[in-house]
Amino acid sequence: MKQALSIVKVGSNLIEDEKGFYHILGLFSKMPGNKIMVHGGGKKATEMGGKLGIKTKMINGRRITDAASLDIAIMVYGGLVSKNIVAQLQAFGTNAIGMSGADADAIRAHKRPIKKVDFGYVGDVDIVNSYGIFKLLQAGFTPIFCALTHDGKGQLLNTNADTIAAEIAIAMSDQFDTTLYYCFEKKGVLQDVEDENSVIQHIDTKTYDELLAYGIISDGMLPKMHNCFYALRNQVSKVCIGDSGMLEEGNSNFTTLTL
């Protein structure tokens with residue numbers, strides 16, 4: 001029987017809420033067994049870039065990463081946000097280790113090809129070093145991954161944190177019974193976006209198709225759901241979406257996705 005592994009992806013909006021994020025880290029530290037955290041930091045990067053006179057460029061809601069923006073991402077994701085998370089988890093008794101994709105050659109990616117839009121130094125994942133991550137877990141460390149990968153030729157790349165979480169979950173599913181948690185500011189996938197309590201507690205492939213047809217899942221939730229079902233189709237046991245309450249023992253008011 002495979003050991004359980006929990007992978008928790010925490011969104012940028014939650015990181016911005018200092019008190020709330022402290023609570024999330026406390027809950028994460030109490031989660032039993034093997035665990036990994038993946039975090040973004042886009043809002044903090046935008047704020048830091050503004051202070052340094054570097055404007056954030058977006059096209060269709062996606063960040064363009066030019067050379068200056070990449071420097072900001074490396075400083076903020078791999079430095080400021082990562083090290084604060086690691087220090088806080090150490091205070092909670094979790095022996096965390098801050099990771100980018102370059103550390104231990106954990107995640108290799110390639111620079112996204114230019115089609116209609118040049119996204120700059122944005123990476124699409126090629127391979128996850130599951131053995132290296134497994135050895136870290138075996139040694140008693142809790143890896144904390146930021147949204148940076150590398151191309152194996154010395155170039156760091158900005159990579160979507162939701163995608164990194166899904167790719168790590170898939171890669172680790174050969175060795176572990178893996179559950180992927182997407183932790184954000186809503187209680188889950190909502191039947192009615194105006195009603196915070198209209199959480200759809202279970203979504204399978206059939207339900208997902210119906211929700212798409214009725215337009216209940218749209219806009220910003222679409223890429224997240226795409227990542228969820230991509231992970232499920234590639235051996236991840238289940239995916240959960242919700243707010244910090246999802247990490248509390250005994251709470252069931254969040255969305256669980258299965259095939």
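Computed from a predicted model, the values in this text were never measured in an experiment. Throughout, a residue's number is its position along its own chain's written sequence, starting from 1. With pLDDT at 70 or above as the cut-off, local features in this predicted model cover only qualifying residues; side-chain atom pairs require 80 or more to be listed or tallied, and sums for whole chains, interfaces and linings still use all residues. Hydrogens are left out, water is left out, and the side-chain values use all remaining heavy atoms of the structure.

## Quick notes on the pattern of salt bridges
Line of reasoning, step 1. A pairing counts as a salt bridge when a side-chain nitrogen of Lys or Arg comes within 4 Å of a carboxyl oxygen of Asp or Glu. Taken as a whole and judged by the stated rule, the model has nine salt bridges.
Line of reasoning, step 2. The partner of Glu47 in a salt bridge is Lys51, with the nearest N and O atoms 3.5 Å apart. Residue Glu47 and its partner Lys51 are both found in helix α3 (residues 42-51); the two are separated by four residues, about one turn of the helix.
Line of reasoning, step 3. The partner of Asp105 in a salt bridge is Arg108, and the shortest N-O contact between them spans 2.9 Å.
Line of reasoning, step 4. Three exposure classes are used, based on accessible area relative to the maximum for each residue type with a 1.4 Å probe and protein chains only: buried under 20%, partly exposed in between, and exposed over 50%. We classify Arg108 as partly exposed; its relative accessible area is 33%.
Line of reasoning, step 5. Beyond isolated ion pairs, a larger network of salt bridges with shared partners links Lys9, Asp162 and Lys224. By the criteria applied, helices consist of DSSP H or I runs no shorter than four residues and strands consist of E runs no shorter than two, each listed in order from the N terminus.

## As for the nonpolar core
Line of reasoning, step 1. What makes a nonpolar core is a set of buried Ala, Val, Leu, Ile, Met, Phe, Trp, Tyr and Cys residues whose side-chain atoms join them at distances within 4.5 Å. Residues Phe145, Ile168, Leu180, Ile203, Met225, Val239 and Leu257 are the most contacted members of the largest nonpolar core, which totals 73 residues.
Line of reasoning, step 2. It is helix α6 (residues 161-172) that contributes the most residues to this core, nine residues altogether.
Line of reasoning, step 3. Contacts of Leu257, omitting those with residues within four sequence positions, involve Ile203, Met225, Cys228, Phe229, Leu232, Lys238, Val239 and Ile241. Residue contacts are defined here by distance: any two heavy atoms, one from each residue, within 4.5 Å place the two residues in contact.

## Quick notes on the UniProt feature "site: Transition state stabilizer" (unreviewed entry) in the protein
Line of reasoning, step 1. What UniProt calls "site: Transition state stabilizer" (unreviewed entry) maps, in this numbering, to Lys9 and Lys224. For the annotated residues, spread through 216 residues, the largest C-alpha to C-alpha distance comes to 11.2 Å, consistent with a single compact locus.
Line of reasoning, step 2. Mapped onto the elements of the fold, Lys9 is located in strand β1 (residues 3-10).
Line of reasoning, step 3. Given the relative accessible area of 9%, Lys9 is considered buried.
Line of reasoning, step 4. Not counting residues up to four positions away in its chain, the partners in contact with Lys9 are Val38, Ala161, Asp162, Ala165, Tyr181, Tyr182 and Cys183.
Line of reasoning, step 5. Following the sequence through the fold, Lys224 ends up in helix α8 (residues 221-232).
Line of reasoning, step 6. On the accessibility criterion, Lys224 (11% relative accessible area) is buried.
Line of reasoning, step 7. As used in this structure description, the phrase polar contact means that two N or O atoms lie within 3.5 Å; if the pair is within protein, one of them must be able to donate a hydrogen and the other to accept it, and residues adjacent in sequence are counted only when both atoms belong to side chains. There is a polar contact of 3.0 Å between the side chain of Lys224 and the side chain of Asp162. UniProt positions are given in the numbering used here, feature names are shortened, and annotations may be inferred rather than shown by experiment.

## Overview of helix α4 (residues 67-91)
Line of reasoning, step 1. Compared with the 36 Å implied by 1.5 Å per residue over 25 residues, the 35 Å span of α4 between its first and last C-alpha is a close match.
Line of reasoning, step 2. Maximal helix bending in α4 amounts to about 35°, located at Ser82.
Line of reasoning, step 3. After α4 finishes, the residue Gly93 shows a positive phi value of roughly 90°. Expected span of a helix: the number of residues minus one, times 1.5 Å. The bend at a residue is defined as the angle formed between two axes, one fitted to the seven residues ending at that residue and one fitted to the seven starting there.

## Structural notes on α6
Line of reasoning, step 1. Here α6 spans 16 Å end to end across 12 residues, near enough to the 16 Å set by a 1.5 Å rise per residue.
Line of reasoning, step 2. Of all 12 residues making up α6, 11 are buried, and the element is well covered by its neighbours.
Line of reasoning, step 3. Among the residues of α6, those classed as buried are Ala161, Asp162, Ile164, Ala165, Ala166, Glu167, Ile168, Ala169, Ile170, Ala171 and Met172.
Line of reasoning, step 4. If you check the start of α6, you find a side-chain oxygen 2.9 Å away from the backbone N of Asp162, and it comes from Asn160.

## Points about the sheet that holds strand β5 (residues 96-99)
Line of reasoning, step 1. When DSSP finds two or more bridges between two strands, those strands count as paired. One open sheet holds the eight strands; their spatial order is β5-β8-β2-β1-β11-β13-β14-β12, and the pairing between them is mixed. Of all strands in the sheet, those bounded by a partner on one side alone are β5 and β12 (202-203).
Line of reasoning, step 2. With three bridges connecting them, strand β13 (residues 238-242) and strand β14 (residues 255-257) associate as antiparallel partners. Among the inter-strand pairings, Ile241 is bridged to a residue of β14, identified as Thr255.
Line of reasoning, step 3. For helices, the fitted axis covers only the stretch in contact; all axes are lines through C-alpha atoms, and the angles between them, taken along N-to-C directions, range from 0 to 180 degrees. This element, α8, spans β11 (176-183), β12, β13 and β14 of the sheet and lies at about 160° to β13.

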